[in-house]
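Descriptive structure summary
What follows is each chain in one-letter form.
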Amino acid sequence: MSVDGERELPAGWAWATLEDVAQWGSGGTPKATEPAYYGGRIPWVVIGDLNDSVLVRTEQTISEDGLSSSSAKWVPQDSVLIAMYGASIGKLGLPSKPVTTNQAIAHALPYREVMDRKYLFWYLRSQRTDLIGAGKGGAQQNISQTVLKSWPITVPPLAEQRRIVEVLEEQLSRLDSGIATLRLARRRLDGLRKRILVSSVPDELPASWEMATVEEAGTLELGRARHPDWHHGPDMRPYLRVANVFEDRIDTSDVMEMDFSGVWERYRLEPGDVLLNEGQSPHLVGRPAIYRGVPEDVAFTNSLLRFKAGDGVLPEWALLVFRRHLHAKRFMREVRITTNIAHLSAKRLKTVEFPIPPVEVQEQRVQRCEELLSGVAAMEQEVSNGVRRANALRAALLNRAFRGGLVAQQPDDEPASMFLARIAAERAAQPKARRSRKATAEKLAKAPAPRAAPPELLAPEPTATPALAVQQEFDL
């Protein structure tokens, strides 16, 4: 945990746990036998709806009958929602109206006398890394309500909490605006890179250029197929596959091996070989990189195509032509899709056009392109540095806010300890009745029905999916 219970706090502040400052609960998921659970008009929150901001709408809804027959519960509007499972541990949401949730989401309803909802929200946001670290389990980690309830929190006087939130949100708003500008710059630089690559190989060729095909410009070969029989053998060698080949870059962090007995020289790579992805998503198929001798003595599999430049063609020029085709979406016109994977066969790639200028022109254009791309890379590095500094500033702001360094303390503010003591006394005075399953069932049976929200809080009636609906993918 990022807080230290022994650290000295400003005047009027107190240490507490999350259970001391809020009521806690979680939702439930229906059983398969429960009738007509989904598709009603009641908002139902799942982890995917949480985006660390005000929750305006949900992707899913449930019905009133399903709610009344399940373990799902209404969550008050003034709650803070927090994800407890998977990679989203600690993701937050502020519901703008009453909602229902599944069991993967806890909700905290702050005691108004001692805790401001937005202060609790931002405090939990500042604890994200530590909350993730507290997760338990295997592939699907989780953090329990027991852990959440015992989590320490610094509690300033209520009036100071509101001043902290006001200043914090003002500063974070400015920071978010700066980050948005940096992200826009990154997208524009990405577009600039693509324009540089596409324009480096003109559509209309000068008279001194030759328009050939890939087959005429060099040789094209498919790598060796993988097979269980070759997982072990006397001539184990490393090989590259599609997961290793990125645009103008070969990743050597995960190189696998198999037996190349009797066929090693056929599939061995030589410096200057250009590798292209044979199978990929449609917009990445044909992604090329040059093998420059690292790692040494390596082969390639049939998820890759190898192009060896012929006479009068520089390997760097071939790489530039293939990068141009990738960003001009030329390869996409040649792909065939099987089981959701796009394939660029050697047969179809051989017929793709391949402009060949004089060798000195190839050298000039490759050099000029590298200079321009180097400038773009330098600007991208500055953008990345700016994003890192912004994230560090965000962490520093949050840390300062919850250590008493963001706003000045006011001597007239009532100490938080007074209200924490009052809440603790009230909770201690409440009788803890033991409830049997039968008593609970009888209480539920006598509970007033329905448990539905007023019409103005319900989601609109679901719209039927059009028969010709198309799913699209967008770059993030």
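Let me sum up the structure you'll find in this document. If you're wondering where the values come from, they're calculated on a predicted model, not measured in any experiment.

This brings us to the overall build of the chain. When helices and strands are counted, the chain shows 13 helices and 25 strands. When each of the 476 residues of the chain is scored for burial, the buried share is 43%. Sequence-distant contacts in the chain: of pairs separated by 6 or more residues, those separated by 24 or more amount to 78%. Surface exposure of the chain reaches about 26,300 Å², of which carbon and sulfur atoms provide 51%.

Within the largest apolar cluster, 49 residues are counted, with the highest numbers of intra-cluster contacts made by Val21, Val114, Leu120, Ile153, Val155 and Leu168. Membership of the second largest hydrophobic core comes to 37 residues, among which are Ile290, Phe307, Ala342 and Val352.

Within the span of helix H3 (residues 117-126), buried status applies to Tyr119, Leu120, Phe121, Trp122, Tyr123 and Leu124. Here H3 starts with a cap whose side-chain oxygen sits 3.0 Å from the backbone nitrogen of Lys118, and that cap is Asp116.

With that settled, the discussion passes to the pattern of salt bridges. Tallied over the entire structure, the rule returns 31 salt bridges. For Lys91, the salt bridge is made with Asp52, and the minimal N-O distance between the two is 3.8 Å. On the criterion of sequence distance, the pair formed by Lys91 in the loop between strand E7 (80-83) and strand E8 (92-95) and Asp52 in the loop between strand E3 (38-45) and strand E4 (53-55) is long-range, its members being 39 residues apart. Relative accessible area serves as the criterion here: at 25%, Lys91 is assigned to the partly exposed category. With a closest N to O distance of 3.7 Å, Arg268 and Glu265 form a salt bridge. Given a relative accessible area of 31%, Arg268 falls into the partly exposed group. For Glu265, a relative accessible area of 58% gives the class exposed. Each of the salt bridges in this network shares a partner with another, and the network as a whole consists of Glu221, Glu270, Asp273, Arg306 and Lys308.

Let us now look at the packing of helix H6 (residues 158-199) against helix H11 (residues 359-401). Any two packed helices are characterised by how steeply their axes cross, that is the angle between the axes, and by the distance between the axes. The contact between H6 and H11 brings their axes to 10 Å, and the two run at 170°. Relative to H11, the element H6 is oriented roughly antiparallel. Class assignment of the residues belonging to the contact of H6 with H11 gives a composition of 23 nonpolar, 5 polar and 7 charged.

This next bit is on the pairing of E3. As defined by bridge partners, E3 adjoins strand E5 (residues 60-62) across 4 bridges and the pair is classed as antiparallel. Bridged to Pro43 within E5 is Thr61. By the bridge criterion, 2 bridges tie E3 to strand E9 (residues 99-101) in an arrangement that is parallel. By the bridge assignment, Val45 is partnered in E9 with Thr101.

For strand E14 (residues 236-240) and strand E17 (residues 256-259), the ladder comprises 4 bridges, and the chain directions are antiparallel. For Met236, the partnering residue across the bridge sits in E17 and is Asp259. Pairing of E14 with strand E21 (residues 299-300) involves 2 bridges; the strand directions are parallel. Bridging across to E21, Leu240 finds its partner in Phe300.

If you trace the 3 strands from one edge of the open sheet to the other, you get E17-E14-E21, paired in mixed fashion. Edge positions in the sheet fall to E17 and E21, since each of these pairs with one other strand and no more.

When the terminal C-alpha atoms of helix H12 (residues 416-429) are compared, their 20 Å separation across 14 residues agrees well with the 20 Å that a helix rising 1.5 Å per residue should span. At its buried positions, H12 is contacted by strand E1 (14-17), helix H1 (18-21) and strand E11 (152-155).

Let us now look at the sheet that holds strand E23 (residues 336-338). Pairing in this open sheet of 3 strands is antiparallel, and the strands run E19-E24-E23 from one edge to the other. Edge positions in the sheet fall to strand E19 (279-280) and E23, since each of these pairs with one other strand and no more. Here 2 bridges tie E19 to strand E24 (residues 341-343), and the two strands are oriented antiparallel to one another. By the bridge assignment for E24, Gln280 is matched with Ala342.

Moving on, we get to the packing of aromatic side chains. The full count for this structure, using the stated rule, is 12 aromatic pairs. For the ring pair Tyr119 and Phe402, a centre distance of 5.1 Å and an interplane angle of 80° mean the geometry is edge-to-face. Separated by 283 residues along the polypeptide, Tyr119 in helix H3 and Phe402 in the loop between H11 and H12 bring together distant segments of the chain. Among the residues examined, Phe402 registers a relative accessible area of 5% and is labelled buried. On the basis of an interplanar angle of 85° and a centroid distance of 5.3 Å, the ring pair of Phe307 and Phe322 is categorised as edge-to-face. On the criterion of sequence distance, the pair formed by Phe307 in strand E22 (residues 304-309) and Phe322 in helix H9 (residues 315-327) is long-range, its members being 15 residues apart. Comparing Phe307 with Phe322, the two get one shared label, buried. Over the ring of Trp230 we find Arg224; its NZ or CZ atom is 3.6 Å from the centre of that ring.

Before going further, it helps to examine the environment of Pro152. By secondary structure assignment, the location of Pro152 is in strand E11. In this structure Pro152 comes out as buried when scored by relative accessible area, which is 16%. Separated by 132 residues in sequence, Pro152 and Asp20 have C-alpha atoms that sit 9.4 Å apart.

Conventions we followed
Residues numbered from 1 in each chain as written. Predicted model: local features only at pLDDT ≥ 70, side-chain atom pairs only at ≥ 80, totals over all residues. Heavy atoms only, no water. Helix = DSSP H or I, 4+ residues; strand = E, 2+ residues; numbered from the N terminus. Buried < 20%, exposed > 50% of the residue type's maximum accessible area, 1.4 Å probe, protein only. Contact = heavy atoms within 4.5 Å. Areas by Shrake-Rupley, 256 points an atom, 1.4 Å probe, with all protein chains shown as cover. Core = buried A, V, L, I, M, F, W, Y, C linked by side-chain atoms within 4.5 Å. Polar contact = N/O pair within 3.5 Å; in protein donor to acceptor, adjacent residues only side chain to side chain. Salt bridge = Lys/Arg side-chain N within 4 Å of Asp/Glu carboxyl O. Axes fitted to C-alpha atoms, helices over the stretch in contact; angles between N-to-C directions. Parallel < 35°, antiparallel > 145°, perpendicular 65-115°, else oblique. Nonpolar A, V, L, I, M, F, W, Y, C, P; charged D, E, K, R; others polar. Pairing = 2+ DSSP bridges. Expected span 1.5 Å × (residues − 1). Phe/Tyr/Trp six-rings, centres within 6.5 Å; stacked < 30°, edge-to-face > 60°. Lys NZ or Arg CZ within 6 Å of the ring centre and 35° of its normal.

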